[in-house]
Amino acid sequence: MDKTKPYKISKYTVWEAYKLVKANKGAAGVDDESIQEFETNLKDNLYKIWNRMSSGSYFPPPVKAVEIPKKNGGVRILGVPTVSDRIAQMTAKLYFEPSVEPLFHPDSYGYRPGKSAIDAVRVTRTRCWRYDWVLEFDIKGLFDNINHELLMKAVKKHTDCAWVILYIERWLKAPFQMKNGDIIERTSGTPQGGVISPVLANLFMHYTFDKWMEINHPKDPWARYADDAVIHCRTKEEAEQLLGKLNERFGQCKLELHPEKTRIVYCKDDDRKGDYPEIKFDFLGYTFRPRRSKNRYGKFFINFTPAVSNKACKAMRQTIRGWRMQLKPDITIHDLSRMFNASIRGWLNYYGHFYKSQLYPVFRHMNDALVMWARRKYKKLLRHKTRAIHWLGRLARNLPKLFAHWQLGILPAAG
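These figures come from a predicted structure and were not determined experimentally. Numbers given to residues run from 1 along each chain, matching the order in which its sequence is written. This being a predicted model, a pLDDT of at least 70 is required before a residue's local features are given, and a value of 80 or more before pairs of side-chain atoms are given or counted; all residues contribute to the totals for chains, interfaces and linings. Water and hydrogen atoms were dropped before computing side-chain values, which therefore reflect all heavy atoms in the structure.

J.: Just checking my understanding: could you explain the layout of surface pockets for this structure?
T.: A probe as big as a water molecule, rolled over the atoms, marks out the empty space that is left. Here a cavity is any set of points on a 1 Å grid over the protein atoms alone where a 1.4 Å probe fits but cannot get out, and a pocket is any open set with protein on both sides within 12 Å along at least 5 of 7 lines; a residue lines the site when it has an atom within 4 Å of a point. Grid points are joined across faces, edges and corners, and a volume is the space filled by probe spheres set on the points. Quantified by volume, the second largest pocket comes out at close to 380 Å³. If you trace the second largest pocket, you find 21 residues lining it, with Asn-24, Gly-193, Gly-194, Val-195 and Pro-198 closest to the centre. Helix and strand labels come from DSSP, where a helix needs a run of H or I of at least four residues and a strand needs a run of E of at least two; each type is numbered from the N terminus. Put simply, the parts of the chain that give the lining of the second largest pocket at least two residues each are strand E2 (75-80), helix H4 (83-100) and helix H9 (197-216). Grouping the constituent residues of the lining of the second largest pocket by class yields eleven nonpolar, six polar and four charged. In this classification, the charged set is Asp, Glu, Lys and Arg, the nonpolar set is Ala, Val, Leu, Ile, Met, Phe, Trp, Tyr, Cys and Pro, and all remaining amino acids, among them Gly, are polar.

In C-alpha cells:
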C-alpha cells in the first residue's frame, strides 16, 4: 500500500483480479492485446493498472463492440473491454461484490456464486406442479437500457468507497468502438461482456423487480436469471393483474418488457382440466409443457415438465454442421474427439438434467456427421454408407469414452 496515493487499493487484489481474468480467457479488446501478450510484460502491466487506479488517473479505453447473432435472428452487441480494463474491473468487483451479494434474493440466479441456470430450471419445475399459472417475461435489452442515474443511486447506497464509485461511473460512460472504428457514446446501459456488468445488472434488478415483488407480491414465487424470469400465480386473473403492474413498474425504472417474449401460460397436466391456448413456455433453453411421463409403478400420465427446447436443439445441430467434419478427412477420430467432445459434454451436462431423451436426435445428428467424415476419410467406406455406420458402431462400442453421447448408448446405427 502506498500512503502517497489518494486511493488505497491492494496490489494483491490486482494480482488476484489478473488470475481470475486469465482463467475466464476471453478475446482481445480494442488494442488487440491478448492475455498472452499482456503477460510478456506482466509485472509492469499490473503495476501500471494499480498505479493509475490508486492515483485516480485510470480512464477506461473504449469497449470493442462485437455483434453476436441471436438464436431468433437479429444481433446482440457484446462489449469486449481490453485485458487491462478487465483486470481493473475485476479489481473493483472484488471490492464491491461482497457488499451487495448477501442482499440479493435467493431466487435471483444469474451470474452469482454458487447458483446456476439449472437451479432456476429445477425450482421452476417444482413450482409449476404447485401453481396453475406462469407469467413469463423478458426485459427488452436490459444491459443496453439500464438507467445510469438510478444505478449509481443504488451503488452509492451500498458502498462509500470513493474509487469504486468513481470507476463504476467511468465504466458506464466508456464508449463503444464499432467494427468500422466509429466511436459511439453511451448514455445508458452497462456493456454485456464487461466484468463488472453482471453484478451491476443484478443490483439494478434487485431494486427494480426482486425487492418490489417481495414487498408487493410476497405470495407469488418467481425465478430470475438476469433479464429472463418467470412468476407463478394461482389464477389467470391474478397473472393478468400482475402483468399490468409489472409493465407500470418497469416503466418507472426506464425499462420495457419484451412484448413477444412476455406471456401468461397455463401449466396443463392430467389434474388440470381447463382448456387454454397457451400451455408452454421457454426458460433458459428449456421448454416447459405437458409431456407423457411414467410414474414409479410404470403407469403413464401427463406431467408439466421441462426438456431441451427446439430452438436449442436447432442451434446445436447448426453448430455440428458448422464444424464441417466431412471436410477434415486428414485428421483422426481422436483429433475430432479432442476438438469437439467438450462441446458435446457441455450440452449433455446442461440439457440432460430433465427429460434427457429429447436430446437424442441432436446426438444422432452428430453420429451422422461422423459417418460422413468416415466415408470421406476411408476410400473403402466412401460408397458404402451401411458399412461406414457398422465401422463407426464397432468403434463406439470399443471406445465409448471417445464422445460423451456414446456413453449414453447412442451409437451409430443403420436405418
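J.: Whenever I open this one, helix H10 (residues 236-252) confuses me. Can you help?
T.: Because an α-helix packs 3.6 residues into every turn, residues spaced three or four apart end up facing the same way. Helix span, as expected, comes to 1.5 Å for every residue beyond the first. Its 17 residues place the ends of H10 25 Å apart at the C-alpha level, agreeing with the 24 Å of an ideal helix rising 1.5 Å per residue. Along H10, the residues classified as buried are Ala-239, Leu-242, Leu-246, Arg-249 and Phe-250. Mapping the buried residues of H10 onto a view down its axis gives an arc of 90 degrees, with all of them on the same face. Across from the buried face of H10, at angles greater than 90 degrees, the exposed residues are Gln-241 and Glu-248. Buried residues along H10 sit against strand E3 (133-138), H9, strand E7 (228-233) and strand E8 (263-266). Whether a residue is buried, partly exposed or exposed follows from its accessible area with a 1.4 Å probe, protein chains only, as a fraction of its type maximum: under 20%, in between, or over 50%, in that order. Summarising the geometry, the arc corresponds to the directions from the helix axis toward the C-beta atoms. What makes two residues a contact is simply this: any of their non-hydrogen atoms within 4.5 Å.

J.: Sorry if this is basic, but what is going on with the pattern of salt bridges here?
T.: Side chains that differ in charge, positive against negative, can pair when their charged atoms come close. For this analysis, a salt bridge means a side-chain nitrogen from Lys or Arg found within 4 Å of a carboxyl oxygen belonging to Asp or Glu. Evaluation of the coordinates by the stated rule reveals 14 salt bridges. Ionic contacts of the salt-bridge type, sharing partners, join the residues Asp-132, Asp-269 and Arg-272 into one network.

J.: What should I look at first to understand the packing of aromatic side chains in this one?
T.: The geometry of two aromatic rings is summed up by the distance between their centres and the angle between their planes. Two rings from Phe, Tyr or Trp (for Trp, the six-membered ring) form a pair when their centres are within 6.5 Å of each other. A pair whose planes differ by under 30 degrees is stacked, one over 60 is edge-to-face, and the rest are tilted. In the structure shown here, the tally under the stated rule is 26 aromatic pairs. With centroids separated by 5.8 Å and ring planes inclined at 5 degrees, the aromatic side chains of Trp-323 and Trp-347 adopt a geometry described as stacked. Of this pair, Trp-323 sits in helix H11 (residues 310-323) while Trp-347 sits in helix H12 (residues 333-351), placing them 24 residues apart in sequence. Of the aromatic side chains, those joined through ring pairs into one cluster are Tyr-58, Tyr-95, Trp-163, Tyr-167 and Trp-171. Over the ring of Tyr-378 we find Lys-377, and its NZ or CZ is 5.8 Å from the ring centre. For a ring to carry a charge above it, either NZ of a lysine or CZ of an arginine must fall within 6 Å of the ring centroid while also lying within 35 degrees of the normal to the ring plane.

J.: Hey, could you run me through unusual backbone geometry in this one?
T.: Among all residues except glycine, the phi angle is most often negative; among peptide bonds, the trans geometry is most common. The phi torsion at Asp-32 lies on the positive side, around 60 degrees, for a residue other than glycine. The topology assignment puts Asp-32 in the loop between helix H1 (11-23) and helix H2 (35-39). Taking relative accessible area as the criterion, Asp-32 reaches 54% and is therefore assigned exposed. Even without being a glycine, Arg-324 presents a positive backbone phi close to 50 degrees. Residue placement: Arg-324 occurs in the loop between H11 and H12.

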